[in-house]
Amino acid sequence: MAEVIVGAILLRRLIGPRATFEHSEQVSGMILAVAIATAISATVGTISMLGGGVIGGPDIPKFWRTWWLGDTAGGLVVVPLIVVWASRPAEAWRRIRTWEGALLIVTVTALASVAMWINGPLTYVVFPALIWAAFRFGAAGTTLSIAITALVTIAATAHQVGPFFSQPIDHRTLATQVYVVVIAVTTLFLNALVAERAASSRALAEAERREGERAMEERHRIARDLHDSVSQALFSTALHTRTAQRELESNGNGSSPELRESLSAIGELTKAAQTEMRALIFQLRRDAVEAGLVSALAAHASSIRSTTGIRVSVQGPESRLPIQPRTEEELFAIGREALANVVKHARAHSATVVIDERAESVLLEVSDDGRGFDVAASHPGHFGLESIRGRAAAIHGELTIASESGRGTVVQVEVPADGR
Amino acid sequence: MVAEAERIRVVVVDDHAVVRSGLLAFLEGESDLEVVGAAEGGAEALELLAGLDAEGRRPDVILMDLQMVPVDGIESTRRIRERYDDVEVVALTSFGEPERVQRAVEAGASGYLLKDADADEVAAAIRAAHRGELQLDPAIARRLMSTLQESGSPAGLTARELDVVALIGEGRANKEIALQLGIGERTARTHVSNILRKLGLTSRTQLALWAVRERVVRVETGG
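Residues numbered from 1 in each chain as written. Chains lettered and ligands numbered in written order. Predicted model: local features only at pLDDT ≥ 70, side-chain atom pairs only at ≥ 80, totals over all residues.

Novice: For this particular structure, what's the right way to read the overall build of chain A?
Specialist: What chain A contains, in helices and strands, is 12 helices and five strands. Scored against the burial criterion, the 420 residues of chain A give a buried share of 35%. Counting contacts in chain A only where the partners sit at least 6 residues apart, residues at least 24 apart contribute 71% of the total. (Helix = DSSP H or I, 4+ residues; strand = E, 2+ residues; numbered from the N terminus. Buried ≥ 20, exposed ≤ 12 C-beta atoms within 10 Å, placed from the backbone. Contact = placed C-beta atoms within 7 Å.)

Listed below in structure tokens is the structure:
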């Protein structure tokens, strides 16, 4: 009993209650917990055997080692399998339930059997299949493949076949145990590293996205500041210049021609500066969707596809949309926000973005095939939806969000087209 | 020099001190304009107007910056037009803000100026607003047209009011309307405010668009 309780406590402390084995710390924590718990079990067992006179003093090290390694090998196979498959059975099942998943299971079983039943130095032939599992099927596929390999190995050894049975009797058990431990440890760590790599590339993409947004916000802030300070001052300068010119004219024509020229130069320069400022502010405000809403969203979609694997397709007219740059920018932000929700919450395989130019409006629609959500319920902390609502209101857009549990989500914004 | 009584009384509302100083300097030098006050925000503008009204110096035209906090130019325009329907508002705005201009016109502004307009255009816009003329970009006119849907029908208007509507639809100023109908300019103004109230509209601009859409044309009664 003691080792079960200790093991459970250690597991909880070292890897947490809902481990995913997607971090190498969780894998090492689990290995440590299993090793300590089984050491207790082996010690208690050895002492009771010694007390019962079943074994003698010289047998102690070997007896303890066999007990401990056997339990550890079992633990390393069973504990992750149960943790992963029992805590999120539906998710685990979804990862395996594909043609490739079926092929993996067949291949692992076949190669593990080849390693055991075919005479020859083929013991480690199962590794490529295990690597395949780690790279493509996450913790669900990895733990399952390890369990299949262990099962086949134990069955073979029990049926008195395989490379380990042919070894001297003393080594037989040890070899089987070490084989299972090596397979479990290696594959679990490999899977954790693959998951960590994927997580860090997601984090990097997210950071890049944020950086891009921050840069855009910064440009908008600069545009606002220029508008609030420099543009106002230039407008005032133009007015003062005109006032001075008028005074000069009304005070008689004899006054200084140089002064008149200077004032006229100030007027021209101010006008030129205003034009330049206007162009600059325009540029700063609109460069996010420089090439148009459709191509901006298409570029964003392809970056999502490459970082998350979610298939995002974008359909829309190639010609310029009949909406203001600012509206276009807000629509882009809404599309980006809706896609971020798809990535973060929907667990979707694919999403579709449609931009439709209608008679008097432009429609943006983002739909996905994810798990959906309850639109009526409040979603504290989901600023995405709030931000979409705010942006849609700012451009007089009509926002519709429809979703049904298990049947995906559709976000639509329709904005009035320009009269032009 | 234009007589005191005939000068157009102007109030400038802008939260940028530099802009106020430029506008004041320029407008004060125009012989037919009289700047009766300046305010740096919507609330101050309403206070100023109440004071001027009490002195019997209600302004004719207000130059209103739209981008102000906390009470922005649009809300200020609405409040001013609610209280003083004979005060015309000309919105001062930046380029690339058609939504804002649209909302300002809906709130009752009769025209708008970009903040990099020439000084002479500023003066011209004030005079045009005073004459009751409209200045609208076609894009904004179309946007406005689409928001006019729930306004009333011509049924509730008197024959004289329908004449006024028709003339406004032709883009006529109050003075021309008065001349055409053989009434005083003040009477023409009163008709305009009555019509706006009956139709639930806030500005001449909306009224003109409404007239065009409802195809209100003047029926020549002869004589």
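Novice: Can you help me understand the overall build of chain B in this one?
Specialist: Along the backbone of chain B there are 10 helices and five strands. Looking at chain B residue by residue over its 223 residues, the buried ones come to 44%. Taking all contacts inside chain B whose residues are at least 6 apart in sequence as the whole, residues at least 24 apart take part in 69%.

Novice: What am I meant to see in the sheet that holds strand S2 (residues 33–39) of chain B here?
Specialist: Backbone hydrogen bonds hold the strands of a sheet together, and the pairing may be parallel or antiparallel. Residue and element names in this part refer to chain B. If you walk across this open sheet you meet the five strands as S2-S1-S3-S4-S5, and the pairing is parallel. The open sheet has two free edges, formed respectively by S2 and strand S5 (111–114), since each of these has just one partner strand. Each neighbouring strand pair of the sheet contributes to a mean axis angle of 25°, computed without reference to strand direction. Two elements, strand S4 (residues 88–93) and S5, share four bridges in a ladder whose sense is parallel. In the sheet register, Val-90 faces S5, and the bridge partner there is Gly-111. Running over the sheet, helix H1 (residues 17–28) touches strand S1 (8–13), S2 and strand S3 (61–65) and is turned about 165° from S2. Relative to the sheet, helix H2 (residues 42–54) contacts S1 and S2, its axis offset from that of S2 by approximately 130°. (Pairing = 2+ DSSP bridges. Axes fitted to C-alpha atoms, helices over the stretch in contact; angles between N-to-C directions.)

Novice: Please clarify how the pairing of strand S1 (residues 311–315) of chain A should be interpreted in this entry.
Specialist: Working note: regular strand, side chains alternate between the two faces of the sheet. Burial along S1 of chain A is one-sided: the residues Val-312 and Val-314 of chain A are buried and none of Arg-311, Ser-313 and Gln-315 of chain A is. Remark: the S1 of chain A/helix H11 (residues 325–346) of chain A/strand S2 (residues 350–357) of chain A crossover connection has left-handed handedness. (Right-handed = clockwise from strand over helix to strand, strands pointing away.)

Novice: Would you explain the environment of Ala-128 of chain B in this entry?
Specialist: Residue and element names in this part refer to chain B. Following the sequence through the fold, Ala-128 ends up in helix H5 (residues 119–131). Here Ala-128 falls in the partly exposed class, since 19 other C-beta atoms lie within 10 Å of it. C-alpha of Ala-128 to C-alpha of Val-90: the two residues are 38 residues apart in sequence and 9.7 Å apart in space.

Novice: Sorry, what's going on with unusual backbone geometry here?
Specialist: For residues that are not glycine, phi is negative in most cases, and the peptide bond is trans in most cases. All names here are of chain A. At Phe-21, a residue that is not glycine, the phi angle is positive and equals roughly 55°. Here Phe-21 shows up in the loop between helix H1 (2–15) and helix H2 (24–51). C-beta crowding within 10 Å serves as the criterion here: with 24 such atoms nearby, Phe-21 is assigned to the buried category. Residues other than glycine seldom take positive phi values, yet His-396 does so here, at roughly 55°. Here His-396 is to be found in the loop between helix H12 (383–394) and strand S4 (398–403).

Novice: Would you explain the packing of H2 of chain B against helix H3 (residues 73–83) of chain B in this entry?
Specialist: To characterise two packed helices, one gives the angle between the axes of the helices and the distance between these axes. Residues and elements named next belong to chain B. Where H2 meets H3, the closest approach of the two axes is 9 Å, and the angle between their N-to-C directions is 20°. For the element pair H2 / H3, the angle class is roughly parallel. In this structure, the crossing between H2 and H3 has a hand that is right-handed. Contacts from Gly-42, Ala-45, Leu-46 and Leu-49 in H2 reach Glu-75, Ser-76, Arg-79 and Ile-80 in H3. (Parallel < 35°, antiparallel > 145°, perpendicular 65-115°, else oblique. Left-handed = near helix turned anticlockwise from the far one by under 90°.)

Novice: Would you mind going over the confidence of the model for chain A with me for this structure?
Specialist: Low pLDDT marks regions whose predicted coordinates should not be analysed in detail. Mean pLDDT over chain A works out to 85, with 93% of the residues at or above the 70 mark. Considering each helix and strand of chain A separately, the mean pLDDT is smallest for H1 of chain A, with a value of 76, and largest for helix H6 (residues 127–136) of chain A, with 94. (pLDDT = per-residue confidence, 0-100.)

Novice: Please clarify how the nonpolar core should be interpreted in this entry.
Specialist: Most often, soluble globular proteins keep nonpolar side chains buried together rather than apart. Grouped together as the largest cluster of nonpolar side chains are 51 residues, with contacts concentrated most on Met-30, Leu-76, Val-77, Val-108, Ala-112, Val-180 and Ala-184 of chain A. Residue assignment for this core shows that the elements contributing at least two residues are H1, H2, helix H3 (60–87), helix H5 (99–117), H6, helix H7 (138–158) and helix H8 (169–250) of chain A. Setting aside anything within four residues of it in sequence, one finds Val-180 of chain A in contact with Ala-73, Val-77, Ala-150 and Thr-153 of chain A. Residues Ala-238 of chain A together with Val-11, Ile-62 and Val-90 of chain B belong to the second largest nonpolar core, which totals 44 residues. (Core = buried A, V, L, I, M, F, W, Y, C linked by C-beta atoms within 7 Å.)

Novice: Just checking my understanding: could you explain the sheet that holds S2 of chain A for this structure?
Specialist: Residue and element names in this part refer to chain A. Pairing within the open sheet is mixed, and its five strands lie in the order S1-S2-S3-S5-S4. A single partner strand is all that each edge strand has here, and the edge strands are S1 and S4. Each strand axis lies, on average, 10° off the axis of its neighbour in the sheet, ignoring direction. Inspection of the sheet shows S4 paired to strand S5 (residues 409–416) by six bridges, in the antiparallel sense. Across the sheet, the residue bridging to Glu-398 is Glu-414, located in S5. In the packing of helix H10 (residues 293–308) onto the sheet, the strands contacted are S1 and S2, and the crossing angle to S1 comes to about 170°. In this fold H11 packs onto S1, S2, strand S3 (361–368) and S5, with an angle of close to 10° to the strand it touches most, S3.

Novice: Even after reading the chapter, I still don't get the environment of Ala-203 of chain A, so can you show me in this structure?
Specialist: Residue and element names in this part refer to chain A. Assignment of secondary structure puts Ala-203 in helix H8. For Ala-203, a count of 11 C-beta atoms within 10 Å gives the class exposed. In the structure, Ala-203 is positioned 104 residues away from Thr-307 in sequence and 9.5 Å away in space, judged by C-alpha atoms.

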